[in-house]
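Coordinate inspection notes
Here is what each chain is made of, one letter per residue.
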Amino acid sequence: MNPVTVENVTVAYHSKPVLQEVSFSVPEGKLIGIIGPNGAGKSTLIKAVLGLVPRASGDVYIYGKPYKQQRKLVGYVPQRGSVDWDFPTNALDVVLMGRYGHIGWFKRPSKKDVEFAMSCLEKVGMKEYANRQISQLSGGQQQRVFLARALAQDATVYFMDEPFVGVDAATEKAIISLLNELKAQGKTVLVVHHDLQTVKEYFDWVLLLNMRKIAIGPTEETFTLENLQKTYGGRLTFLHQQHAIVNQQ
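The structure presented is a predicted model; accordingly, all values stated were derived computationally and were not measured.

With 16 residues, helix 6 (residues 169–184) extends 23 Å between its outermost C-alpha atoms, agreeing within 8% with the 22 Å of an ideal straight helix rising 1.5 Å per residue. Looking only at helix 6, the buried set comprises Thr171, Glu172, Ile175, Ile176, Leu178, Leu179 and Leu182. An end-on view of helix 6 places all buried positions within 155 degrees of arc, on one side of the element. Summarising the geometry of helix 6, the exposed residues directed more than 90 degrees from the buried face are Ala169, Lys173 and Ala184. In this structure aspartate 168 caps helix 6, since a side-chain oxygen of it lies 3.1 Å from the backbone nitrogen of alanine 170. Looking one or two residues beyond helix 6, the residue adopting positive phi is glycine 186, at roughly 85 degrees.

Bringing the packing of aromatic side chains into the picture now. One pass over the full model with this rule turns up two aromatic pairs. With centroids separated by 5.2 Å and ring planes inclined at 35 degrees, the aromatic side chains of phenylalanine 164 and tyrosine 202 adopt a geometry described as tilted. Taken together, the residues span a long stretch of sequence, with phenylalanine 164 in the loop between strand 7 (157–161) and helix 6 and tyrosine 202 in helix 7 (residues 199–202) at a distance of 38 residues. Both residues of the pair, phenylalanine 164 and tyrosine 202, belong to the buried class. Taking 6.2 Å as the distance between ring centres and 80 degrees as the angle between the ring planes, the aromatic pair formed by tyrosine 202 and phenylalanine 203 counts as edge-to-face. Phenylalanine 203 matches tyrosine 202 in its accessibility class, with the two residues each being buried.

Adjacent strands of a sheet pair through backbone hydrogen bonds, lying either parallel or antiparallel. The strand order 2-1-4-5 describes an open sheet built from four strands, whose pairing is antiparallel. The open sheet is flanked by strand 2 (16–26) and strand 5 (65–66), the only strands paired with a single partner. Across seven bridges, the pairing between strand 1 (residues 4–13) and strand 2 is antiparallel. Looking at strand 2, one finds that threonine 5 is bridged to serine 25.

Criteria and cut-off values
Residues numbered from 1 in each chain as written. Predicted model: local features only at pLDDT ≥ 70, side-chain atom pairs only at ≥ 80, totals over all residues. Heavy atoms only, no water. Helix = DSSP H or I, 4+ residues; strand = E, 2+ residues; numbered from the N terminus. Expected span 1.5 Å × (residues − 1). Buried < 20%, exposed > 50% of the residue type's maximum accessible area, 1.4 Å probe, protein only. Arc of directions from axis to C-beta. Polar contact = N/O pair within 3.5 Å; in protein donor to acceptor, adjacent residues only side chain to side chain. Phe/Tyr/Trp six-rings, centres within 6.5 Å; stacked < 30°, edge-to-face > 60°. Pairing = 2+ DSSP bridges.

In short, the description is geometric, and any link to function would need to be established separately.
Okay, here's the thing in structure tokens:
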């Protein structure tokens, strides 16, 4: 059974379509890049799947059941820019938020929950910052804390919205290492991504999106010049038949 199935999802803001009749399903245990130009609806797609924005139409299934019934199976890393980093809390408390699906909102975390959260911080190299206020962390450190929170959810399917944006090279390397570790555990990870030059290196599958689904499938077969031109239009330049860049002119 496919971990994620999206059927005819349409999202509109103020009657203007942002996503139009998007349908796809993905196989288990893959790293899947969601690729497309700015304004293509990539982040909106993730939010529509998670019920964070209303769908005008369409259905979403996680392992064959509606998302609302399967929330515990799903982890989410939002865009760093959408988070209030001035909120007075420390790194450990942020990670413990990922445990609430297991312990309930009105129960205190157990010693085992705290130990598990600390192990998640350790995996992303942030254990020594457990008691540091999140506002005092660098951008890369904040992103690592949010990855640790997603790990603390102990999910089966992960959605990550631009996790590589604004992070240093060491953090990017740590993130991709973590994604590969999740994949090795049989988890499925869908990642909104903008750097076309790293797509082939990072992802097994790609979903090319520009308000509508352009193509989806294994990266080697799907991440082609033809499909990229359909996705990006005239803003695409292909270099050395290996790397694609978006021409912002």
